[in-house]
Amino acid sequence: MTFTLEQAGRQAWEWLEAASRFTETHDVEREGVTRLCASREHRAVLDALTHWMSELGMSVRMDSAANLIGRYASADPSARTLLIGSHQDTVPSGGKYDGMMGVILPLALVKYLRENAIALPFHIDVVAFSDEEGTRFSSTLLGSKVLAGRFDPEMLEATDDQGVTLEAALQAFGCDPARIPEDRYRSEEVIAFLEAHIEQGPQLEQAGLPVGVVSAITGIERHRIEVQGMAGHAGTVPMALRRDALVGAAEVIRHVDALCKETDDLVGVVGKIENAPNGVNVIPQTATLSIELRSPDDDIRRHARRQLFERIDASLEALGLTYDHAQTYEQGAVPCSPGLIATLEAAVRESGIEPRVLFSGAGHDGLAMADLCEIGMLFVRCRAGISHHPSEAIEPEDLTVAVEVLAHACQRLADRQPSA
Ligand code: HGY
Ligand code: MN
Ligand code: MN
């Protein structure tokens with residue numbers, strides 16, 4: 001063997017360290033990584049990925065939604081394609097591995113296959129999705145929706161905090177958003193979509209396992225609530241006459257937390273809040289909040305939504321407050337393909353590890369890609385399950401295991417392809 005799995009793991013580690021430097025933050029170790037869709041940092045990481053892919057003999061292209069796609073071509077031009085990838089973007093002050101690990105691991109796999117002249121009867125397209133988190137434009141799963149043919153052109157009107165539309169940002173990035181519909185893959189050309197991703201939970205570490213296989217990906221919904229009160233002088237308005245929007249917001253937050261604590265298989269959070277006019281001596285006029293609910297069971301989530309808004313209605317009415325509400329996102333739970341679960345389990349076992357199958361409480365690009373093809377996910381252990389945080393960390397040697405599992409999985413998929 002001219003290039004060992006250990007070398008592939010070390011190469012992945014070096015590429016991940018290099019990719020983490022493309023960030024808005026100044027101190028990655030303390031402030032984490034912030035890399036948003038169609039940003040200067042996105043451009044820089046695509047330039048690096050393009051260089052690494054080209055060195056691997058891959059053809060590289062960027063589509064009209066700023067997804068980067070590197071192809072490791074099969075000798076058979078008419079072969080179908082295995083898609084392996086994840087998102088390049090991060091949450092604000094996120095970790096080095098959420099997303100980018102799933103782009104870098106397949107590159108290390110390609111290097112291992114190429115250096116050891118392992119031929120496959122299918123192309124491998126490695127994808128760096130432009131935007132999955134929705135941090136800049138609330139455009140969750142933008143990149144994968146484009147490949148899956150689920151892109152909604154209305155997304156182009158979404159604006160960032162500076163009022164820049166997604167359309168303008170993509171154009172400034174060198175894309176032609178009008179051509180996005182041309183970027184979808186056709187189901188008949190795709191074998192499957194695989195994603196390697198940190199678990200973002202503690203189960204694998206607690207079990208002492210470097211990798212695990214995902215059974216299903218959670219359903220998610222998001223809402224925007226604007227509580228309306230009445231601004232006033234904080235010193236002169238009698239307490240009984242106040243309509244304090246932030247007190248109403250506190251009630252909303254308490255209801256989300258209480259309902260999720262009392263309901264099995266339901267989690268939720270109020271992640272964002274804005275207060276206006278936000279003066280130290282002014283009674284708050286409006287409070288704008290995000291609400292997110294998640295569950296592996298869509299019926300549980302939808303029933304909880306109804307309960308939540310009944311409670312919010314009652315509390316805000318009692319406080320003399322009104323509110324505007326908009327549901328901004330809904331994505332049903334998606335099961336991974338039983339065939340790919342079995343393939344990944346066998347590949348994990350072949351790597352000398354007892355396979356553990358677990359559910360993903362985090363959303364992933366597979367939620368969109370499932371409309372195109374079968375999806376499978378390989379989880380990689382992360383330290384204390386911490387993610388969406390600067391201290392997100394992995395065990396470097398787990399990268400070697402993950403490359404080995406992906407290599408075994410590709411071989412198993414190859415063995416199942418009809419011989420040309
Ligand atoms: O929100 C999530 O679960 C993912 O990180 N986008
Ligand atoms: Mn994330
Ligand atoms: Mn992610």
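Sequence positions are assigned chain by chain, starting from 1 and proceeding in written order. Written order determines the labels here, with chains lettered from A and ligands numbered from 1. In keeping with the model being predicted, local features are shown solely for residues with a pLDDT of at least 70 and side-chain atom pairs are shown and tallied solely at 80 or more, while totals for entire chains, interfaces and linings include all residues. Computation of side-chain values: all heavy atoms of the structure, hydrogens and water removed.

## Some thoughts on the overall build of the protein
- Here a helix means four or more residues in a row that DSSP labels H or I, a strand means two or more in a row labelled E, and each is numbered from the N terminus. Across its full length, the protein holds twelve helices and 16 strands.
- C-alpha atoms define the radius of gyration in this analysis, and the globule rule sets the expected value at 2.2 Å times the number of residues to the power 0.38. Computed over C-alpha atoms, the radius of gyration of the protein comes to 23 Å, within 12% of the 22 Å expected from 2.2 N^0.38 for 420 residues, which places it in the range of a compact globule.
- Principal-axis analysis of the C-alpha atoms gives the protein an extent of 80 × 45 × 40 Å.
- The buried label applies to any residue whose accessible area, calculated with a 1.4 Å probe on protein chains only, is under 20% of its type's maximum; exposed applies above 50%, and partly exposed to all values in between. A buried classification covers 56% of the 420 residues belonging to the protein.
- Here the protein displays about 17,600 Å² of accessible surface, and carbon together with sulfur accounts for 50% of that area. In these tables, accessible area is a Shrake-Rupley quantity obtained with a 1.4 Å probe, and a residue counts as shielded only by the protein chains included in the view.

## So, the site of ligand 1
- We call a residue near a molecule or strand as soon as one heavy atom of that residue lies within 4 Å of the molecule or strand. In the neighbourhood of ligand 1, the contacting residues comprise E132, E133, R222, R294, A362, G363 and H388.
- In the analysis that follows, any N or O atom pair within 3.5 Å is treated as a polar contact, provided that within protein one partner can donate a hydrogen and the other can accept it, and provided that, for residues neighboring in sequence, both atoms belong to side chains. A distance of 2.8 Å is found between a nitrogen atom of ligand 1 and a side-chain nitrogen or oxygen belonging to E132.
- At 2.7 Å, a backbone N or O of G363 approaches an oxygen atom of ligand 1.
- Contact with the protein chains hides 94% of the accessible area of ligand 1, taken as 210 Å² for the molecule alone.

## What to know about the domain arrangement of the protein
- Taken domain by domain, the protein consists of domain 1 (5–217 + 333–415) and domain 2 (219–331).
- The split into domains, and so the bounds of each, comes from an automatic or database assignment of domains. The centre of domain 1, based on its C-alpha atoms, is set 34 Å off from the matching centre of domain 2.
- Note on definitions: a residue-residue contact is assigned when non-hydrogen atoms from the two residues lie within 4.5 Å. Across the contact, 13 residues belong to domain 1 and nine residues belong to domain 2.
- Once two parts are put together, the accessible area they lose, assessed with a 1.4 Å probe and summed over both, is termed the buried area. Summing both partners gives a buried area of about 770 Å² for domain 1 against domain 2, and 46% of it is carried by carbon and sulfur.
- Its largest share of buried area at the contact with domain 2, domain 1 owes to T140, A333 and F359, together 50% of the area lost on that side.
- Note on definitions: salt bridges are taken to be side-chain nitrogens of Lys or Arg within 4 Å of carboxyl oxygens of Asp or Glu. Connecting domain 1 to domain 2 are zero salt bridges.
- One can count four residue pairs in polar contact (both at pLDDT 80 or more) joining domain 1 with domain 2.

## Here's the deal with the state of the cysteines
- Working definition: a disulfide is two cysteine sulfur atoms within 2.5 Å of each other. Applying the stated criterion across every chain yields a total of zero disulfides.
- Free cysteine: C336, not disulfide-bonded; nearest cysteine sulfur from C373 at 11 Å.

## Let's talk about the packing of helix α10 (residues 338–350) against helix α12 (residues 396–416)
- For every element, the axis is a line fit to its C-alpha atoms; helices are fit only across the contacting stretch, and the angle between N-to-C directions ranges from 0 to 180 degrees. The N-to-C vectors of α10 and α12 enclose an angle of 125 degrees; their axes lie 8 Å apart at closest approach. Here α12 runs oblique to α10, going by the angle between their axes. Along this stretch, α10 crosses α12, giving a crossing that reads as right-handed. Within the contact between the two elements, α10 uses G339, L340, T343, L344, A346, A347, V348 and E350 and α12 uses E404, V405, H408, A409, R412, L413 and R416.
- Looking at the contact of α10 with α12, its residues break down into eight nonpolar, three polar and four charged. Geometric relationships in this document are graded by angle, where less than 35 degrees denotes roughly parallel, more than 145 denotes roughly antiparallel, 65 to 115 denotes roughly perpendicular, and other angles denote oblique. Each crossing is labelled by how the near helix is turned from the far one, with a counterclockwise turn of less than a right angle marking it left-handed and a clockwise turn marking it right-handed. Any residue that is not Ala, Val, Leu, Ile, Met, Phe, Trp, Tyr, Cys, Pro, Asp, Glu, Lys or Arg is counted as polar, Gly included; the first ten are nonpolar and the last four charged.

## With respect to the pattern of salt bridges
- The tally for this structure, following the rule as stated, stands at 27 salt bridges.
- R305 serves as the salt-bridge partner of E221, at 2.7 Å between the closest nitrogen and oxygen. A residue pair is termed long-range when its members are at least 10 positions apart, and E221 in strand β7 (residues 219–228) and R305 in helix α9 (residues 298–318) qualify at 84 residues. Of the two residues, E221 and R305, both sit in the buried class.
- With a closest N to O distance of 3.2 Å, D298 and R301 form a salt bridge. Note that D298 and R301 are positioned in helix α9 at a spacing of three residues, about one turn of the helix. Comparing D298 with R301, the two get one shared label, buried.
- Overlapping salt bridges, with partners in common, bring together E221, D298, R301, R302, R305 and E330 in one network.

## Here's the deal with the nonpolar core
- Joining through side-chain atoms within 4.5 Å is the link that ties buried Ala, Val, Leu, Ile, Met, Phe, Trp, Tyr and Cys residues into a set, and such a set is a nonpolar core. The biggest cluster of nonpolar side chains holds 107 residues, and the ones touching the most others in it are L49, M101, L105, F122, I124 and M369.
- Considering each element in turn, this core owes the most residues, eleven residues, to α12.
- Within the second largest apolar cluster, 19 residues are counted, among which are A245, V256, L259 and L316.

## What about the pairing of strand β16 (residues 375–380)?
- Of all six residues making up β16, six are buried, and the element is well covered by its neighbours.
- The pairing of strand β5 (residues 190–198) with β16 spans six bridges and is classified as parallel. Opposite L194, over in β16, you have G376 as the bridge partner.
- The pairing criterion is simple: DSSP has to find at least two bridges between the two strands. In the sheet, strand β6 (residues 211–217) pairs with β16 via three bridges, with the strands oriented antiparallel. Bridging from a neighbouring strand, V211 pairs with V380 of β16.

## Observations regarding the side chain of T90
- One can find T90 in the loop between β3 (81–87) and α4 (101–115).
- Residue T90 is classed as buried on the basis of its relative accessible area of 2%.
- Among the polar contacts made by the side chain of T90, one reaches the main-chain carbonyl oxygen of V33 at a distance of 3.2 Å.
- If we skip the residues at most four places from it in the chain, T90 touches V33, T34, R35, L36, G95, E133 and T135.

## Considerations on the environment of A342
- Its location among the elements puts A342 in helix α10.
- A342 gets classed as partly exposed once you look at its relative accessible area, which sits at 41%.
- Between the C-alpha atom of A342 and that of A409, which follows or precedes it by 67 residues, the distance is 9.8 Å.

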